[in-house]
Amino acid sequence: MKKEVVLSGIRPTGFLHLGNYFGAMRNYVRMQDEYDCYFFVANWHSLTTHPDTKELQNSVHRVIAENVACGLDPDKVALYVQSDVPEIAELYLYLNMLAYKGELEKTTTFKEKVRLQPENVNAGLLTYPVLMASDILIHRAVKVPVGKDQEQHLEMARNFAERFNYRYGNVFPAPQAFNFGSELVKIMSLDGNGKMSKSENQMSTLYLADEDDAIRKKIMKAKTDSGPTEPNSVKPDYIENIFTLMRITSSADTYNKFEEDFNKCSIRYGDMKKQLAEDMVSFIKPIREKAADIQQDKNLLHKIIQQGADKARASAAATLQEVRKAVGMNY
Ligand code: TYM
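Chemist: Would you mind going over the overall build of the protein with me for this structure?
Modeler: Counting secondary structure elements, the protein contains 14 helices and five strands. In terms of C-alpha radius of gyration, the protein reaches 21 Å, essentially the compact-globule figure of 20 Å for 331 residues. Projected onto its principal axes, the C-alpha coordinates of the protein cover approximately 75 × 50 × 45 Å. Within the protein, the proportion of its 331 residues that are buried is 51%. Put simply, 78% of the contacts in the protein that link residues at least 6 apart link residues at least 24 apart. Surface exposure of the protein reaches about 15,900 Å², of which carbon and sulfur atoms provide 49%. Across the protein, the mean location of the 43 positive side-chain charges is 2 Å away from that of the 44 negative side-chain charges.

Chemist: Would you mind showing me how to read the site of the ligand here?
Modeler: Of all residues adjacent to the ligand, which total 28 residues, the nearest are Arg11, Tyr128, Asp135, Asp149 and Lys198. At a separation of 2.7 Å, an oxygen atom of the ligand approaches a polar side-chain atom of Arg11. In this structure, an oxygen atom belonging to the ligand sits 2.5 Å away from a side-chain N or O atom of Asp149. Computed on the free molecule, the ligand has an accessible area of 710 Å², of which 98% lies beneath the protein chains in the complex. Among the residues forming the shell around the ligand, the class breakdown is 13 nonpolar, nine polar and six charged.

Chemist: Looking at this structure, how should I read the domain arrangement of the protein?
Modeler: Once the domains are mapped, the protein shows domain 1 (5–184 + 297–327) and domain 2 (210–291). Placing the centre of domain 1 and that of domain 2 at their C-alpha centroids yields a distance of 32 Å. Interface area lost by domain 1 to domain 2 is led by Leu18, Phe22 and Ala69, which between them contribute 63%. One can count zero salt bridges joining domain 1 with domain 2.

What counts and how
Residues numbered from 1 in each chain as written. Predicted model: local features only at pLDDT ≥ 70, side-chain atom pairs only at ≥ 80, totals over all residues. Heavy atoms only, no water. Helix = DSSP H or I, 4+ residues; strand = E, 2+ residues; numbered from the N terminus. Rg over C-alpha atoms; globule rule 2.2 N^0.38 Å. Buried < 20%, exposed > 50% of the residue type's maximum accessible area, 1.4 Å probe, protein only. Contact = heavy atoms within 4.5 Å. Areas by Shrake-Rupley, 256 points an atom, 1.4 Å probe, with all protein chains shown as cover. Lys, Arg positive; Asp, Glu negative; His and termini not counted. Charge placed at Lys NZ, Arg CZ, Asp CG, Glu CD. Near = heavy atom within 4 Å. Polar contact = N/O pair within 3.5 Å; in protein donor to acceptor, adjacent residues only side chain to side chain. Nonpolar A, V, L, I, M, F, W, Y, C, P; charged D, E, K, R; others polar. Domains from an automatic or database assignment. Buried area = accessible area lost by both parts, 1.4 Å probe. Salt bridge = Lys/Arg side-chain N within 4 Å of Asp/Glu carboxyl O.

What follows is the structure, encoded as structure tokens:
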């Protein structure tokens, strides 16, 4: 039986962090045996916010290395760089004719970027969701493992797919955002202000490349309070975030102990953070070390990238042939 197609991407705009890992990469690794997987580094997307490309090659290599260090097997999946697959750009052109200025201007990420970089509101920023839809639809993917912040983009990708099918005939399935478990994940910043992100507030973000002492320092500084006063209280979101990190990195016994302490109002956040810091060091250290080794091995990186491009282009070319036929661009 044909396996379902899975696709996801990461922008090479900085160091990868725990939000990227738990929102996306952890799912990639779990999906690689069961699905036909395409994972890529979204370097075209990064140009919308990072026009200076001096650091880009390094960042692209680091994203590839960190994905492999987290357990992704380049022999099982197509792990590639977006700009190696020019078919995506052609699909982007067709889909752009089906996307409207009004809906693009209303996108949350666009409005946020306009606020953050008012001096560079470029057309690529506006049509970001169209390029993202092209990334997904070029492989006719149905499952897209992403964090909560990408939900609206996925809804737009479904709209563009439906519009294309309605106008030109049925080429694309409807892609869905995916996470194991029922909810998409959002890892918050350790200071409790918004989501963990590659470029904002580095002291409150845990990077997969962080040294042991940096991890300890950041966790010990994470926002807490004086603790609950009523048994079985609802946790404030910054406390919930610490529990989420513990659930993901510590043993079930450890997690349950602190959960019980919280519910009995006897929790000591200092002890909890100390334990979490040590478990986090054990979790991040092997990833950091493996990624550093891979990143230095340029031959290996080039081999992985070439192999990924070959697989991705074969699938993309097959879709584009269907697209051209449907649009009537086959003379
Ligand atoms: P990017 O590079 O910002 O993030 C990569 C992945 O990490 C997830 N993520 C988070 N999940 C939980 N908590 C957080 N704090 C957190 N921060 C980031 C993101 O949801 C994402 O899954 N537009 C995408 C890249 C992209 C893409 C695609 C994704 C381009 N084309 C096609 C899927 C399909 C982005 O900027 O992700």
